[in-house]
Amino acid sequence: MLSQKTKYALKALLYLAQQDEGYIAKTIDIAEGANIPKKFLEQILLELKRGHFVSSKQGKLGGYYLIKSKNTITLADIHRLFDGAIALLPCASLNFYEPCSDCTTESECLLRLGLIAVREKTLAAMENITIASLAKK
């Protein structure tokens, strides 16, 4: 399941993606437009900024805007940024791999092999869904 933080991050990105090119959105506008608590949104926007998905401008006309194309930001990108691994077990993960302590040999672990198959299908689906495809603008 997606964490609430990931869900809010996706909603914030969708809000920004639906605005006209070059639009700079104030935090309060994103919060109200995407129905996200403002305090929580500020933390999320900072993480999105550290992840190089958005940037910000200071001042009266400042706010947040996309710096990565809405056509290239995927569900997988945002899930990994906020929730970590897509795999259900660390031993089946691509980017967050850790060996299991309860398996004698990984290559023969039937559970791991099954969960790698689940990861592959989930990852393929998440990589094919972009913010642009969700925003439809």
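Residues numbered from 1 in each chain as written. Predicted model: local features only at pLDDT ≥ 70, side-chain atom pairs only at ≥ 80, totals over all residues. Heavy atoms only, no water.

Chemist: How would you summarise unusual backbone geometry if you had to cite specific residues and measurements?
Modeler: Look at Asn 35: it is not a glycine, yet its phi comes out positive at around 55°. Examined against the element boundaries, Asn 35 turns out to sit in the loop between helix H2 (27–34) and helix H3 (38–50). You will see that His 52, though not glycine, has its phi angle at about 65°, which is positive. Assignment of secondary structure puts His 52 in the loop between H3 and strand E1 (54–57). (Helix = DSSP H or I, 4+ residues; strand = E, 2+ residues; numbered from the N terminus.)

Chemist: Can you break down the pattern of salt bridges residue by residue, with the values?
Modeler: Applying the stated rule across the entire model yields 4 salt bridges. We note a salt bridge from Glu 42 to Lys 38, for which the minimum N-O separation is 2.7 Å. Taken together, the residues span about one helical turn, with Glu 42 and Lys 38 both in helix H3 at a distance of 4 residues. Note that Arg 119 is salt-bridged to Glu 120, the shortest N-O span being 2.3 Å. Since its relative accessible area comes to 9%, Arg 119 is described here as buried. (Salt bridge = Lys/Arg side-chain N within 4 Å of Asp/Glu carboxyl O. Buried < 20%, exposed > 50% of the residue type's maximum accessible area, 1.4 Å probe, protein only.)

Chemist: Provide a residue-level description of the packing of H3 against helix H4 (residues 75–83), including the pertinent values.
Modeler: Relative to each other, H3 and H4 sit at 115°, their axes nearing to 11 Å. Taken together, the axes of H3 and H4 lie roughly perpendicular to each other. For the pair H3 and H4, the crossing hand works out as right-handed. Of the residues in H4, those in contact with Ile 44, Glu 47 and Leu 48 of H3 are Ile 78, Leu 81 and Phe 82. Residues that form the contact of H3 with H4 fall into these classes: 5 nonpolar, no polar and 1 charged. (Axes fitted to C-alpha atoms, helices over the stretch in contact; angles between N-to-C directions. Parallel < 35°, antiparallel > 145°, perpendicular 65-115°, else oblique. Left-handed = near helix turned anticlockwise from the far one by under 90°. Contact = heavy atoms within 4.5 Å. Nonpolar A, V, L, I, M, F, W, Y, C, P; charged D, E, K, R; others polar.)

Chemist: Summarise the nonpolar core; cite the residues concerned and give the values.
Modeler: Ranked by internal contacts, the top residues of the largest apolar core, which has 30 residues, are Leu 13, Ile 30, Leu 41, Leu 48 and Ile 78. Contributions of two or more residues to this core are made by helix H1 (4–17), H2, H3, H4, helix H5 (110–127) and helix H6 (131–135). The biggest single contributor to this core is H1, with 8 residues. Residues contacting Leu 13, with those up to four places away along its chain left out, are Leu 48, Val 54, Leu 66, Ile 73, Ile 78 and Ile 131. (Core = buried A, V, L, I, M, F, W, Y, C linked by side-chain atoms within 4.5 Å.)

Chemist: Give a detailed account of empty space enclosed by the protein, specifying residues and quantitative values.
Modeler: Under the definition given, this model contains 1 cavity of 30 Å³ or more. Reported here for the largest cavity is a volume of approximately 40 Å³. (1 Å grid on protein atoms, 1.4 Å probe; cavity = no way out; pocket = protein on both sides within 12 Å on 5 of 7 lines; lining within 4 Å. Points joined across faces, edges and corners; volume = space filled by probe spheres on them.)

Chemist: Please set out the pairing of strand E2 (residues 63–66) residue by residue, giving values where relevant.
Modeler: In the sheet, E1 pairs with E2 via 4 bridges, with the strands oriented antiparallel. Within E2, the position partnered with Lys 57 by the bridge is Gly 63. Two successive antiparallel strands, E1 and E2, enclose a turn made up of 5 residues, where Gly 59 displays a positive phi of approximately 100°. (Pairing = 2+ DSSP bridges.)

Chemist: Any details on the packing of H1 against H4? Residues and values, ideally.
Modeler: Describing two packed helices takes the angle between their axes plus the distance from one axis to the other. In the contact formed by H1 and H4, the axes pass within 9 Å of each other and the chain directions differ by 135°. Classified by the angle their axes make, H1 and H4 are oblique. Crossing angle aside, the handedness with which H1 passes H4 is right-handed. Of the residues in H4, those in contact with Lys 5, Thr 6, Ala 9, Leu 10 and Leu 13 of H1 are Leu 75, Ile 78, His 79, Phe 82 and Asp 83.

Chemist: Lay out the layout of surface pockets with the relevant residues and their values.
Modeler: Its volume calculated, the largest pocket comes out at about 310 Å³. Along the wall of the largest pocket there are 15 residues; nearest its centre are Leu 16, Asp 20, Glu 21, Gly 22 and Leu 66. Every element with two or more residues in the lining of the largest pocket is listed here: H1 and E2. Looking at side-chain class alone, the lining of the largest pocket contains 7 nonpolar, 4 polar and 4 charged residues.

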